[in-house]
Amino acid sequence: GLAGPGAAGLVGTVAEASDVVLPAEGPEREIARDLARRAAIVSPAFLVLGAVLDGVHGLVSAGLALVLVAGNFLLGAAIIGRAVAVSLNTLYGAVLLGYIVRLGLLAVFALAFKGTGWFAAVPFAATLLVTHLGLLAAETKRVSMTLAHPGLAPSARRVADEPSTDPTSTQE
């Protein structure tokens, strides 16, 4: 149980805060990893498109954009995961500020590489915009289906098989 090994026979014992086991990660990290995985799946098409548009420089620029897209989603999830543990107001502020900072980072990367001889702006921008919007649209559809029909959730079985983290639960 959650109250410790000595309290196995006691039902309804309120556990101390340090004894409560919280989930290691929330849905935001699962969604971000899924987006990064899907970015990897579509990456060959964007790499080929980059190569067609601007040769090796286009290929490298499209690859950089794909890495930035995946990193952006993962960083966003990390920000949400940290902020949600503090408070709802912190979450709101972190999401807004995090969005602005992440957009700024993408702009800094684009401007930093713009002056190099190997950076191709068109494949980079096309890959960055299409993958961001396309992956978000696909994930939005998946998440809405999961919310509408919880039994279809990819992790529904895994969550149901885990022991309850509710300190008032009688589940052993």
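Refer to the preceding data block for the structure.
Residues numbered from 1 in each chain as written. Predicted model: local features only at pLDDT ≥ 70, side-chain atom pairs only at ≥ 80, totals over all residues. Heavy atoms only, no water.

Caption draft 1: Just helix 1 (residues 27-84), in detail. Along its 58 residues, helix 1 runs just 11 Å from first to last C-alpha, ending more than 12% under the 86 Å computed at 1.5 Å per residue. Maximum bend of helix 1: about 145°, positioned at Asp54. (Helix = DSSP H or I, 4+ residues; strand = E, 2+ residues; numbered from the N terminus. Expected span 1.5 Å × (residues − 1). Bend = angle between axes of the 7 residues up to and from the residue.)

Caption draft 2: Representation of the side chain of Arg102 within the structure. By the secondary structure assignment, Arg102 is in helix 2 (residues 88-114). No salt bridge is formed by the buried Arg102; the nearest opposite charge belongs to Glu28, separated by 12 Å. Once residues within four sequence positions are removed from consideration, Arg102 is found in contact with Asn72, Leu75, Gly76 and Ile79. (Buried < 20%, exposed > 50% of the residue type's maximum accessible area, 1.4 Å probe, protein only. Lys, Arg positive; Asp, Glu negative; His and termini not counted. Salt bridge = Lys/Arg side-chain N within 4 Å of Asp/Glu carboxyl O. Contact = heavy atoms within 4.5 Å.)

Caption draft 3: A look at the pattern of salt bridges. This structure, assessed with the given rule, holds three salt bridges. Ionic pairing is found between Arg37 and Asp34, a salt bridge with its closest N-O pair at 2.6 Å. Remark: Asp34 and Arg37 occur in helix 1; sequence separation between them is three residues, near one turn of the helix. Overall, Arg37 belongs to the partly exposed group, its relative accessible area being 43%.

Caption draft 4: Fine view of the nonpolar core. Counting 14 residues, the largest nonpolar core has Leu64, Leu68, Val69, Phe73, Phe124, Leu128 and Leu135 as the members making the most contacts within it. Examining the composition of this core, we find that nine residues originate from one element, helix 1, more than from any other. Once you skip the residues sitting within four places of it in the chain, Leu68 turns out to touch Leu106, Phe109, Phe124 and Leu128. (Core = buried A, V, L, I, M, F, W, Y, C linked by side-chain atoms within 4.5 Å.)

Caption draft 5: The arrangement of helix 2 in detail. Across its 27 residues, helix 2 extends 39 Å between first and last C-alpha, which sits within 8% of the 39 Å expected from 1.5 Å per residue. If you check which residues of helix 2 are buried, you get Leu91, Ala94, Gly98, Arg102 and Leu106.

Caption draft 6: Seen up close, the side chain of Glu28. In this fold, Glu28 is placed in helix 1. It is Arg29 that comes nearest to the buried, bridge-free Glu28 among opposite-charge side chains, at 4.8 Å. Ignoring anything within four residues of it in the chain, the contact list for Glu28 reads Ala77, Ile80 and Gly81.

Caption draft 7: A nonpolar patch on the surface, seen in detail. A surface patch of nonpolar side chains, about 420 Å² in accessible area, is lined by Leu75, Leu97, Val101, Leu105 and Phe109. Counting residues per element, the nonpolar patch draws most heavily on helix 2, at four residues. Structurally, Leu97 is set in helix 2. (Patch = residues over 30% accessible without salt bridge, like charges linked within 9 Å, V, L, I, M, F, W, Y side chains within 5 Å. Areas by Shrake-Rupley, 256 points an atom, 1.4 Å probe, with all protein chains shown as cover.)

Caption draft 8: Spatial organisation of the packing of aromatic side chains. By the definition in use, this model includes four aromatic pairs. Summarising the aromatic geometry, the rings of Phe113 and Trp118 are spaced 5.2 Å apart at their centres and angled 55° between planes, so their arrangement reads as tilted. Using a relative accessible area of 21% as the deciding quantity, one classes Phe113 as partly exposed. For the pair Trp118 and Phe119, a centre-to-centre distance of 6.2 Å together with 80° between the ring planes defines the contact as edge-to-face. Overall, the relative accessible area of 29% leaves Trp118 in the partly exposed class. Its relative accessible area of 13% is what places Phe119 among the buried residues. Grouped by ring-pair contacts, the aromatic residues Phe109, Phe113, Trp118, Phe119 and Phe124 constitute a single cluster. (Phe/Tyr/Trp six-rings, centres within 6.5 Å; stacked < 30°, edge-to-face > 60°.)

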